[in-house]
Structures are given as structure tokens and as C-alpha cells.
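# Results of the structural survey
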Amino acid sequence: MKAPTCQLYLISPLDVGGDFPGQLTEALDAGPVAAFQFRVKDLDQHEAARLAEPLQAICAASDVAFIVNDDVALAKRLGADGVHLGQDDGDPREARQLLGPQAQIGVTCHASRHLAMEAGEAGADYVAFGAFFPTTTKAVEHHADPEILTWWQGMFELPCVAIGGITVDNAPTLIEAGADFLAVSGGVWAHPEGAAAAVRAFSALLEDQPAG
């Protein structure tokens, strides 16, 4: 059996102003990244769109999917590649109607097999499990065990994303358990040697995956 190939999925820090576009460019130049999630809080849509547009262009230039967190209307406005929905952020079916058949729609499922199956039935393109490790990026109410990734892989074709406190050091456990994507925020942007060094380290780790 061939092991699934795991890929890197970057999630933005909450502050994407200042020199962040330069950091993103360096990160995407440093190694393969499958997707970038634009995640900001408490901004009006006009301001969020202003911050998103240069980042979206950087992602497009690197052929990286640009996913908007939590906000279907903003994803529609930007013509984003997709949207990531929390459990309180709307129904995947409604998002699909608004964004169209090509949009990538992901759903946060915490540590719940039931929520993940519901998301799949609702037409999600991927499900996200976590948090697997302590994280400073957001308050953690749900703790997931890597075993849920193995269970999901054995039951369903739909890709699964691992999220929550992931670093180069703890990622191998999740890769071995069957994650299709590693969603990383602080593990890249807060890396002591910088985001590009972090992406290079993740790339080396992902390239070393067993082939079967």
C-alpha cells in the first residue's frame, strides 16, 4: 500500500499587514506549499479585502490555492480558490451554491468523527481535525488524537487536514497517522530562523515520506 503524500497548508498569522507579504513570498519560494489560508479577525470586509488582495496575488504567482477562513462573502468578493468553515460559520452546501463547483470547501471537525462524516455528506472537499498539540494561535477547546487520522484514511477518500500546534518536530506523528495536509501557522511564522527556513524544514520532512 502506498502511503498518502502529505502536503503543507499554511495558515496566516492574524497580523498580515506590514512586511507580511514579503514573508509570504519568501515562504512560498522556499518549498512546495499546497494552500494558504487567509485568517484575520474583527476586520470589516473592505479592510480584509484590502489586506487579502496582495497575498492572493502572491499565492497565484506560486500556484498556491488561496483559501479564506470563515467568511464565504469575502471569498466570493475576492474570487478566492475556496473557504474554510468552522462549525459556526455556515453550511458547506450554501457555500457551494455561492462559490460554485470549483471552490475548495473545508470544514473544521475538531475531534469528532460524526462532524467529519456530516461535512463529507454536505459536500466538503476536505475535513480538518485538531488541535493535536498545544497552540498559542487560538484558544483550544478540542484535543484530537492522531488515531482519528488513521481511522479517517481507512474509511473515506476525502482528504483530511491536521491542525493545531504543528511544528517540524512533532509533525512526523501526524504524517505517519495519515494526514493529507499539515495546517501550520505559528510553526512557520514564529520559527526562530524565519518562515523560509521553516518551510524548507517541512519540505525536507515531507519529501522523506515512505513510498509504501
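Rules used throughout
Every chain is numbered independently, its residues counted from 1 as its sequence is written. Under the rules for a predicted model, residues below a pLDDT of 70 receive no local features and side-chain atom pairs below 80 are neither given nor counted, while totals for whole chains, interfaces and linings still include all residues. Working from all heavy atoms in the structure, the side-chain values ignore hydrogens and water. Only buried Ala, Val, Leu, Ile, Met, Phe, Trp, Tyr and Cys residues count toward a nonpolar core, and they belong to the same one when joined by side-chain atoms within 4.5 Å. Type-normalised accessible area, obtained with a 1.4 Å probe on protein chains alone, sets the label of each residue: buried when under 20%, exposed when over 50%, and partly exposed for intermediate values. Segments assigned H or I by DSSP are reported as helices when at least four residues long, segments assigned E as strands when at least two residues long, and all are numbered from the N terminus. We call two residues in contact whenever any of their non-hydrogen atoms come within 4.5 Å of each other. We define a polar contact as two N or O atoms separated by no more than 3.5 Å, with the added condition that, inside protein, one atom must be a possible hydrogen donor and the other a possible acceptor, whereas residues neighbouring each other in sequence contribute only through side-chain atom pairs. A pair is scored as a salt bridge if a Lys or Arg side-chain nitrogen falls within 4 Å of a carboxyl oxygen belonging to Asp or Glu.

## With respect to the nonpolar core
Formed by 63 residues in total, the largest nonpolar core has its most connected members in Phe 36, Phe 38, Phe 66, Phe 129, Leu 149 and Leu 182. Looking at this core element by element, the count peaks at seven residues for helix α2 (residues 45-61). With near-sequence residues (within four places) excluded, Leu 149 lies in contact with Phe 129, Phe 132, Cys 160, Ala 162, Leu 174, Ala 177, Gly 178 and Ala 179. With nine residues, the next largest nonpolar core counts Ile 11, Tyr 126, Ala 128 and Val 161 among its residues.

## Focus: the side chain of Asp 180
Locating Asp 180 in the fold gives a position in the loop between α7 (171-177) and β8 (181-184). Asp 180 gets classed as buried once you look at its relative accessible area, which sits at 12%. One polar contact links Asp 180 to Gln 153, side chain to side chain, over a distance of 2.9 Å. Of the polar contacts made by the side chain of Asp 180, one reaches the backbone nitrogen of Cys 160; its length is 2.8 Å.

## Points about helix α4 (residues 92-99)
For α4, the capping residue at the N-terminal end is Asp 91, with a side-chain oxygen 2.5 Å from the backbone nitrogen of Arg 93. Directly beyond the C-terminal end of α4, a positive phi value near 95 degrees is found at Gly 100.

## Considerations on the pattern of salt bridges
Counting across every chain of the model gives five salt bridges. Residue Arg 96 is joined to Asp 125 by a salt bridge in which the shortest nitrogen-to-oxygen separation is 2.8 Å. In this pair, Arg 96 sits in helix α4 while Asp 125 sits in the loop between α5 (113-121) and β6 (126-130), placing the two residues 29 residues apart along the sequence. For Arg 96, a relative accessible area of 22% corresponds to the partly exposed category. Classification of Asp 125 by relative accessible area gives partly exposed; the value is 22%. Salt-bridge contacts for Glu 147 lead to Arg 113; the nearest nitrogen and oxygen are separated by 2.7 Å. Pair noted here: Glu 147 is in helix α6 (residues 147-155) and Arg 113 is in helix α5, with a separation of 34 residues, a long-range link. Classification of Arg 113 by relative accessible area gives partly exposed; the value is 32%.

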